[in-house]
Amino acid sequence: MNPTAALDLSFLEEGFSARDVIEQNINESSLTDDRDAFYICDLGDILKKHLRWTRALPRVTPFYAVKCNDSRSVVTTLASLGTGFDCASKTEIQLVQSLGVDPGRIIYANPCKQVSQIKYASAHGVRMMTFDSEVELMKVARYHDNAKLVLRIATDDSKAVCRLSVKFGAPLKACRGLLEKAKELGLDVIGVSFHVGSGCTDPLTYSQAISDARYVFDMGNELGFTMDLLDIGGGFPGSDDVDLKFEEITAVINPALDKYFPVDHKLKIIAEPGRFYVASAYTLVVNIIAKKVILDDDNASDEEDEGTTDRTIMYYVNDGVYGSFNCILFDHAHCLPSLHKKPKPDEPLYPCSIWGPTCDGLDRIVEQCTLPDLQVGDWLVFENMGAYTVAASSTFNGFQRPDIHYVISRPSWQHVQRISSQGLPPQESCLQEMLVCCGRESVVEMPTKSCQTHVV
Ligand SMILES: *Cc1c(COP(=O)(O)O)cnc(C)c1O
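Quick notes on the rules
- Residues numbered from 1 in each chain as written.
- Predicted model: local features only at pLDDT ≥ 70, side-chain atom pairs only at ≥ 80, totals over all residues.
- Heavy atoms only, no water.
- pLDDT = per-residue confidence, 0-100.
- Contact = heavy atoms within 4.5 Å.
- Phe/Tyr/Trp six-rings, centres within 6.5 Å; stacked < 30°, edge-to-face > 60°.
- Helix = DSSP H or I, 4+ residues; strand = E, 2+ residues; numbered from the N terminus.
- Buried < 20%, exposed > 50% of the residue type's maximum accessible area, 1.4 Å probe, protein only.
- Expected span 1.5 Å × (residues − 1).
- Near = heavy atom within 4 Å.
- Polar contact = N/O pair within 3.5 Å; in protein donor to acceptor, adjacent residues only side chain to side chain.
- Areas by Shrake-Rupley, 256 points an atom, 1.4 Å probe, with all protein chains shown as cover.
- Nonpolar A, V, L, I, M, F, W, Y, C, P; charged D, E, K, R; others polar.
- Pairing = 2+ DSSP bridges.

1. Let's talk about the confidence of the model for the chain
1) Next: When pLDDT is averaged along the chain, the result is 90, and 89% of the positions lie at 70 or above.
2) Next: Here residues 437-456 is modelled with pLDDT under 50, and outside its nearest four sequence neighbours on either side it reaches 40 contacts, counting other chains as well.

Quick look at the structure:
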């Protein structure tokens, strides 16, 4: 089965970028009254991220965290690239398995599972799963035939944007007791996992957690388990507009891995990146549906023609915090738009706020920014909108989710196919060429020699 056959995507014409498709869509819908918000997802961006991952973390196999964005096209692309998957529920396992992914490529990375879902995993061959409590061990012993357990430890995630260790992860001092309990129940513990918190801002959290994991590994080995899986979780940034870049984090992780987990053919190191893979692939385009100009009475008379301080503009657009911008509430995101049309150099800017379409006052996207005087019917563009957006959006108040248009350039597509058919991560010798070839501009220049692709 060719899993990509089922994908609903368009190829970018030679020399065209995802940005050009946005332009084209805007032009087409501007001819009508139907100016719904829409997404463009560039699946080639996911390939680029994968190549970047392979380069920066050569010892670590990514298991994509499905909760971040469970789009079938995204998951299929990643399945073709050979990643594994972090699933937290029966439905996520079903999705991934429906694409033909082997159960050995799935980790059921939810330390607190419903019994019926443990049974489901057992019946469907999913064996790797995390735990952080005795009660979970007893459930697994009773309802799973053949689990390979991974002890999730707590991390110091006080500097992360979204903390996870308040909810999950055993403190180090509880680990021996948990491992002894697992032994007593006849369970198989194979390794340790952690999550430094989503939106990690301090790379030392990773090195501390890796060192803690070593401590628990040794404890497990001492108790007679064969510890051979280290899972370093997620937390990697999904775009480069952050203080701490991906490669700055990996520059700390790699030496920590080499120090605490020197290369050993029996050891397997995995991670559970979510945001990293999908954030920058998605661009959301919204339309201004309403506008209010609030004149500031005090200033109006003094600064007649200057125009910049005498008014505040409220823009209402057709997606909001109950839809894609739920990331503002749940993911602590700060979203700022870019303009679809370049403003003229002398165009005055006004203080503005941007609001979603629902009737709730909570539905505010941007509290304060500056924009030119835009009109109803104009468009605003939000980049890096792939992570924790569509996955948790609702249709509250009857506002529908935006359509998502998936695009990919032919060279990127061919690389995905090639990696898929080889079933192996790309060799370093090919990475450089691929990165050039799949770069942002996608100048369609096929690499030659060793990296020649075959057209499907
Ligand atoms: C949410 C989650 C992830 C993904 O986190 P990112 O910060 O998006 O990389 C990975 N592992 C677990 C267990 C999670 O809950």
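2. Some details on the packing of aromatic side chains
1) Next: For the coordinates displayed, the defined rule picks out 16 aromatic pairs.
2) Next: With 4.9 Å between their ring centres and 85° between their planes, Phe-217 and Phe-261 make a pair best called edge-to-face. Here the residue Phe-217 occupies a position in helix 8 (residues 204-222), and Phe-261 occupies one in the loop between helix 9 (246-260) and strand 10 (268-271), the gap between them amounting to 44 residues. The two residues Phe-217 and Phe-261 agree in class, both being buried.
3) Next: Measuring from centroid to centroid gives 5.9 Å for Phe-236 and Phe-246, while their planes differ by 80°, and the two rings are edge-to-face. Residue Phe-236 is located in the loop between strand 9 (229-231) and helix 9, and its partner Phe-246 is located in helix 9; the two are separated by 10 residues in the primary sequence. Assigned by exposure class, Phe-236 and Phe-246 land together as buried.

3. Overview of helix 13 (residues 410-422)
1) Next: When the terminal C-alpha atoms of helix 13 are compared, their 18 Å separation across 13 residues agrees well with the 18 Å that a helix rising 1.5 Å per residue should span.
2) Next: Among all positions of helix 13, only Pro-411, Ser-412, Trp-413, Gln-414, His-415, Val-416, Gln-417, Arg-418 and Ile-419 are buried.

4. Describing the site of the ligand
1) Next: Taken together, 14 residues form the shell around the ligand, and within it Lys-67, Ser-198, Glu-272, Gly-274 and Tyr-388 come nearest.
2) Next: Note that a nitrogen atom of the ligand is positioned 3.0 Å from one of the side-chain N or O atoms of Asp-86.
3) Next: Contact with the protein chains covers 93% of the free accessible surface of the ligand, which is 390 Å².
4) Next: Split into classes, the residues belonging to the shell around the ligand amount to 4 nonpolar, 5 polar and 5 charged.

5. Brief notes about the pairing of strand 11 (residues 282-295)
Successive residues of a regular strand alternate their side chains across the two faces of the sheet.
1) Next: Judged from the 4 bridges that link them, strand 2 (residues 38-42) and strand 11 form a sheet pairing that is antiparallel. In the strand pairing of strand 11, Phe-38 is matched with Val-285.
2) Next: Pairing of strand 11 with strand 16 (residues 379-382) involves 4 bridges; the strand directions are antiparallel. Paired with Asn-287 across the strands is Trp-379, a residue of strand 16.
3) Next: As paired elements, strand 11 and strand 12 (residues 311-317) share 7 bridges and run antiparallel to each other. The partner of Leu-295 across the bridge, within strand 12, is Arg-311.

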